[in-house]
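Commentary on secondary and tertiary structure
One-letter residues, chain by chain:
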Amino acid sequence: MALRLFLDSADPHAWQQWLPSGLFHGVTTNPTLLCRAAQTCSLDNLAALSATALSHGIAELHLQAWGPSPAEMLGCAEQLAALAPGRIAVKLPVTRQGAAVGRELGRRGIPVTFTACYEVHQVLVAAALGATYIAPYLGRINDQGRDGMAEVIAMQRCLEGVGSSVRLLAASLRQPGELSELAGAGLNTFTISPELAAELFSSGATTAASAQFELDAQS
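Reference entry: report on the structure contained in this document. Just so we're clear, the structure is a prediction, and the values are computed from it rather than from any experiment. (Residues numbered from 1 in each chain as written. Predicted model: local features only at pLDDT ≥ 70, side-chain atom pairs only at ≥ 80, totals over all residues. Heavy atoms only, no water.)

So, the pattern of salt bridges
The tally for this structure, following the rule as stated, stands at eight salt bridges. The salt bridge involving E60 is made with R4; its shortest N-O contact spans 3.6 Å. Residue E60 is found in strand β3 (residues 60–64), and its partner R4 is found in strand β1 (residues 4–8); the two are separated by 56 residues along the sequence. According to the relative accessible area criterion, E60 is buried, its value standing at 15%. We note a salt bridge from E104 to R107, for which the minimum N-O separation is 3.3 Å. Taken together, the positions of E104 and R107, both in helix α5 (residues 96–107) and three residues apart, correspond to about one turn of that helix. (Salt bridge = Lys/Arg side-chain N within 4 Å of Asp/Glu carboxyl O. Helix = DSSP H or I, 4+ residues; strand = E, 2+ residues; numbered from the N terminus. Buried < 20%, exposed > 50% of the residue type's maximum accessible area, 1.4 Å probe, protein only.)

Topic: the pairing of β3
The element β3 is extensively covered by neighbouring structure, given that five of its five residues are classed as buried. Here β3 shows two buried faces, one formed by E60, H62 and Q64 and the other by L61 and L63. As judged from the three bridges shared by strand β2 (residues 26–28) and β3, these two strands associate in the parallel manner. Residue pairing for β3: T28 is matched across the bridge by H62. In this structure, β3 lies alongside strand β4 (residues 88–93), joined through four bridges in parallel fashion. Paired with L61 across the two strands is I88, which belongs to β4. Taking the sense of rotation as the criterion, the β-α-β connection linking β3, helix α4 (residues 70–81) and β4 turns out right-handed. (Pairing = 2+ DSSP bridges. Right-handed = clockwise from strand over helix to strand, strands pointing away.)

What about the environment of S202?
Along the chain, S202 turns up in the loop between α10 (194–199) and α11 (204–217). When the C-alpha atoms of S202 and P176 are compared, they prove to be 9.7 Å apart, with 26 residues separating the residues in sequence.

Topic: α4
Under the 1.5 Å per step criterion, the end-to-end length of α4 is 16 Å for 12 residues, consistent within 8% with the ideal 16 Å. Those residues of α4 that fall on the buried side of the exposure criterion are M73, L74, C76, A77, L80 and A81. Buried positions in α4, seen along its axis, are confined to an arc of 160° and lie on one side of it. As for α4, its buried residues are in contact with α3 (43–54), β3, β4 and α5. (Expected span 1.5 Å × (residues − 1). Arc of directions from axis to C-beta. Contact = heavy atoms within 4.5 Å.)

Here's the deal with α3
The end-to-end C-alpha distance of α3 is 16 Å, a good match for the 16 Å that 12 residues give at a rise of 1.5 Å each. Of the positions making up α3, those classed as buried are N45, L46, L49, S50, A53 and L54. Buried positions in α3, seen along its axis, are confined to an arc of 155° and lie on one side of it. Next to the buried residues of α3 lie α1 (12–18), α2 (31–36), β3, α4 and β4.

What about the side chain of T191?
Counting through the fold element by element, T191 comes out in strand β8 (residues 189–192). The residues contacting T191, other than those within four sequence positions of it, are F6, L7, D8, T28, L169, A170 and A171.

Some points on the environment of S193
Tracing the backbone shows S193 in the loop between β8 and α10. For the pair formed by S193 and S172, sequence separation is 21 residues and the distance between their alpha carbons is 8.4 Å. Aside from chain neighbours lying at most four places away, what touches S193 is L7 and D8. In terms of polar contacts, S193 uses its side chain to reach the backbone amide nitrogen of L196, at 3.1 Å. (Polar contact = N/O pair within 3.5 Å; in protein donor to acceptor, adjacent residues only side chain to side chain.)

Examining the sheet that holds β8
Read once around its circumference, the closed barrel built from eight strands follows the order β1-β2-β3-β4-β5-β6-β7-β8, with strand pairing classed as parallel. Averaged over all adjacent pairs, the angle separating strand axes in this sheet is 25°, with direction ignored. With two bridges joining them, strand β6 (residues 133–136) and strand β7 (residues 167–170) adopt parallel strand pairing. Following the sheet pairing, Y133 is matched in β7 by R167. Where α3 meets the sheet, its contacts fall on β3 and β4, and the angle it forms with β3 comes to roughly 160°. (Axes fitted to C-alpha atoms, helices over the stretch in contact; angles between N-to-C directions.)

See below:
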């Protein structure tokens, strides 16, 4: 499967900066990112934000459903998916409620991204339910004093072992080296912050070489 990069941001200014580059397959958001971007987590606002994000030509936008009960979460998920059928993946926490909602969405042909994955065995839930993605939080696993890199790689091996088509969407990456190491271990789907995206182009040697090219072109 081909590499897919997602921009992990609910900030339209970041979208404007990065999405025209063509680097990103899509955008991932959640209520926490909306809060950080001073955006209201409401269906009306998400409809407007979705139109803005998709106008940049991305293939997918991941929006997280919410609700205190399965019925309410399912209703929210259906409304989110209807904003752009075929281009919206609905994010759900990998909980019993999220799994119940994900099963129903799958029956209706709506792509599902399970999120907030912290344990290797949780990827089996996504595999059993035929989800499109499951997103482990590498950085946050490390914050718990665990070896997040080893555990995320074990998740990938687990999916490969059962022959699952679920994409492991690595999230909470904090430095370019983590992305490179995971790619070397077979992962091909990542969501990264605008700050980490900028670091992908941060190389003093490359900057110096580019400047020299410009000088030599004028000589």
